[in-house]
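Spelled out from the first residue to the last, the chains are:
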Amino acid sequence: MSEVRLRFPPSPTGYLHIGGARTAIYNWLFAKKHNATLILRIEDTDVERSTKDSIDGIIDGLNWLGINWDEGPYFQSDFLNEHIETAHKLIESGHAYKCFCTKEALDAKRETAVAAKITYQYDRTCLKLSPEEKEANEKQNIPYVIRFKVPDGDGSVVFEDKVYGRIERTYMDIEDFVIVRSNGTPLYLLSNVVDDIRDRITHIIRGQDGLGNTPRQILIYEALGAPVPVFSHMSLTLDPKKAKISKRSHGEVVTVQFYKENGFLPWALVNFLVLLGWSPASDQEFFSQEELIEAFSLEGMNKANSIFNYQKDHPKFFTDPKALSINAHYLQTMPIEELAPLVKNVLQNEKLWDNAYENDKKDWFISTIDLIRSRFHVLTDFAGPGRTYFSDEYEMDPKPVQKNLTKHEKIGVWLGLLAERFESLPDFNQEETERVARELADELDIKPGILINGTRTVVTGQAAGAGLFDVLLAIGRDRVIARLKKFSAQG
Ligand code: GLU
């Protein structure tokens, strides 16, 4: 079998957004599955909008996601001469021609057609020029565009899209389209095909928004005598109001960078994105890399557009709740030794890291992150709600403060007494701390929950978390007593 080759060709006119990442992921999965070669090609011919920052951002985002490629990055702008030469070859072979019509002349014809309610198509004035007329125009240096000559007759372009099925467009429906502008620059439609031929691309997996280009691009392949690749167009991912996603209207939440900077695990994002537009044959939701490569196939691609259902008012994190729950799943179940360095990174960024966590306090560190992760969704939670385990400066959530502390007039005194009981314990462990807390509640004739919730609020600042007596052990005797006493002293 001949080599299978795919490409991911982003235009570097912005950050890597989730739609682009999803396209890259599908190409990568297909390439891995078929032992194929994946090429990264930067389509940077729109010089005004392409930026170096954007190229760096795309490469950084792909690297972070773990999407690797085998060749490239190649840059489309390095091949502009080849694109133009190809257009001239097409003229020589009778598949293209120079068009000298002025914009004004074309506009006038279009207006006439519109007024008569006829669909406008270029009328091939310049195809009909005699050799003498052409020569005269060239001598006078009249500017021209190069148009592709669509085959005559009532034939059509037909192809089998792997997702959308058989697609047919009649030649009559396609106007002789421009492939080189009057300023001598090639159109994207042409450059893209010339590059794909040079890169020997056999399979094109791209967004459904490319579908409109495909019949014209196939005509170019055929005119050049090149094999036509297999096309698969993917459904789009839209916002909750079914509008196209863009950073301008949606902000950071649609960029890969946002997830990198806000405590997502790259594989969790890959797992989430792949399910936006593809369904596995089983109802499996979480996949290892090997499982996903094994399970992926173009047959599972959905025709219907998917919704990136991000929720601005989500209480935990501003994204699609499904993305968050997939991330939480990985964070809560991944091997703890793999999680530890990621937590270290977060704590270092927040100046909460202590080298002892890798030496004498290593066992404590590992068991603590294992205890607290069961409630966490993103890595940054270790420095947010998890801060209380690594610092004495942590925020107090006003809700539990009101409910568990302010509401009880004598809570300061009670928690002061509890601190004393803790102090006199020979062994500060879950059973003992629970026992004395319940005993004290009994003596004070109050519900144990009052002491338990009050203690949790004081030592963690939060309403909920892991079991309180596990929490106390993790925070440690001295810190628990000091925090309770400080609170008690404040009255
Ligand atoms: N550069 C195009 C884009 O970013 C790629 C289109 C294609 O895959 O052919 O949309």
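Conventions we followed
Residues numbered from 1 in each chain as written. Predicted model: local features only at pLDDT ≥ 70, side-chain atom pairs only at ≥ 80, totals over all residues. Heavy atoms only, no water. Buried < 20%, exposed > 50% of the residue type's maximum accessible area, 1.4 Å probe, protein only. Helix = DSSP H or I, 4+ residues; strand = E, 2+ residues; numbered from the N terminus. Right-handed = clockwise from strand over helix to strand, strands pointing away. Pairing = 2+ DSSP bridges. Near = heavy atom within 4 Å. Polar contact = N/O pair within 3.5 Å; in protein donor to acceptor, adjacent residues only side chain to side chain. Areas by Shrake-Rupley, 256 points an atom, 1.4 Å probe, with all protein chains shown as cover. Nonpolar A, V, L, I, M, F, W, Y, C, P; charged D, E, K, R; others polar. Phe/Tyr/Trp six-rings, centres within 6.5 Å; stacked < 30°, edge-to-face > 60°. Lys NZ or Arg CZ within 6 Å of the ring centre and 35° of its normal. Axes fitted to C-alpha atoms, helices over the stretch in contact; angles between N-to-C directions. Contact = heavy atoms within 4.5 Å. Left-handed = near helix turned anticlockwise from the far one by under 90°. Salt bridge = Lys/Arg side-chain N within 4 Å of Asp/Glu carboxyl O.

1. Let's talk about the pairing of strand E2 (residues 37–42)
Working note: regular strand, side chains alternate between the two faces of the sheet. Here E2 lies mainly inside the structure; six of its six residues are buried. Along E2, one buried face is formed by Thr37, Ile39 and Arg41 and the opposite face, lined by Leu38, Leu40 and Ile42, is buried too. Handedness of the strand E1 (residues 5–8)-helix H1 (residues 18–33)-E2 crossover: right-handed. By the bridge criterion, three bridges tie E2 to strand E3 (residues 71–75) in an arrangement that is parallel. Residue pairing across strands places Arg41 opposite Tyr74, the latter belonging to E3. Crossover connection from E2 via helix H2 (residues 52–65) to parallel E3: handedness right-handed.

2. Some thoughts on the site of the ligand
Taken together, Arg7, Pro9, Pro10, Ser11, Glu43, Tyr188, Asn192 and Arg206 form the complete shell of residues around the ligand. For the ligand, an oxygen atom lies 2.8 Å from a polar atom in the side chain of Arg7. Tyr188 is positioned with one of its side-chain polar atoms (N or O) 3.4 Å from a nitrogen atom of the ligand. Within the complex, the protein chains bury 71% of what would otherwise be the 300 Å² of accessible surface of the ligand. A per-class count over the shell around the ligand returns three nonpolar, two polar and three charged.

3. A short note on the packing of aromatic side chains
In this description, a pair of aromatic rings is defined by centroid distance and the angle of the planes. According to the stated counting rule, one finds 21 aromatic pairs in the structure shown. When the centroid spacing of 5.9 Å and the interplanar angle of 65° are considered together, the rings of Phe159 and Phe231 count as edge-to-face. On the criterion of sequence distance, the pair formed by Phe159 in strand E6 (residues 156–161) and Phe231 in strand E10 (residues 230–234) is long-range, its members being 72 residues apart. Exposure remark for Phe159: the relative accessible area of 8% places this residue in the buried category. Note on Trp278 and Phe287: the rings are 6.0 Å apart at their centroids and 55° apart in plane angle, and the pair reads as tilted. Summarising the burial analysis for this pair, Trp278 and Phe287 share the class buried. Taken together, the ring pairs in this structure connect Trp353, Tyr357, Trp364, Phe365 and Phe390 into an aromatic cluster. Here the guanidinium or amino end of Arg198 rests over the ring plane of Phe79, the centre of that ring lying 3.4 Å away. The positively charged end of Arg216 is found above the aromatic ring belonging to Phe177, 5.8 Å away from the centroid.

4. With respect to the sheet that holds E3
Reading across the sheet, the three strands line up as E1-E2-E3 and stay open at both edges, with parallel pairing between neighbours. Each end of this open sheet is capped by a strand with a single partner; those strands are E1 and E3. The mean inter-strand angle of the sheet, taken between neighbouring strand axes irrespective of direction, is 25°. Relative to E2, H2 is tilted by about 155°, and along the sheet it contacts E1, E2 and E3.

5. Notes on the packing of helix H18 (residues 448–460) against helix H19 (residues 468–475)
Two elements in contact, H18 and H19, have axes separated by 11 Å at closest approach and are oriented at 35°. For the pair H18 and H19, the crossing hand works out as left-handed. Between H18, through Ile452, Thr455, Arg456, Val459 and Thr460, and H19, the contact on the second element is made entirely by Leu468, Phe469, Val471, Leu472 and Ile475. Taken together, the residues of the contact of H18 with H19 sort by class into seven nonpolar, two polar and one charged.

6. A few points about the environment of Ser279
Assignment of secondary structure puts Ser279 in the loop between helix H10 (266–274) and helix H11 (289–295). In the structure, Ser279 is positioned 36 residues away from Ala243 in sequence and 22 Å away in space, judged by C-alpha atoms. Within polar-contact distance, the side chain of Ser279 engages the side chain of Asn302 at 3.1 Å.

7. Some words on the pattern of salt bridges
A full pass over the atoms with the stated rule returns 33 salt bridges. Glu43 serves as the salt-bridge partner of Arg41, at 3.0 Å between the closest nitrogen and oxygen. With respect to class, Arg41 is no different from Glu43; both count as buried. Across the pair Asp392 and Arg483 runs a salt bridge, and its minimum N-O distance is 2.7 Å. A residue pair is termed long-range when its members are at least 10 positions apart, and Asp392 in the loop between helix H14 (362–372) and helix H15 (398–406) and Arg483 in helix H20 (residues 477–489) qualify at 91 residues.

8. Description of the side chain of Asn404
You can see Asn404 is positioned in helix H15. Residue classification places Asn404 among the buried residues on the basis of a relative accessible area of 9%. Within the local environment of Asn404, its side chain forms a polar contact with the side chain of Thr457, the two groups lying 2.9 Å apart. When sequence neighbours within four positions are dropped, the list of residues in contact with Asn404 reads Ile411, Asn453, Gly454 and Thr457.

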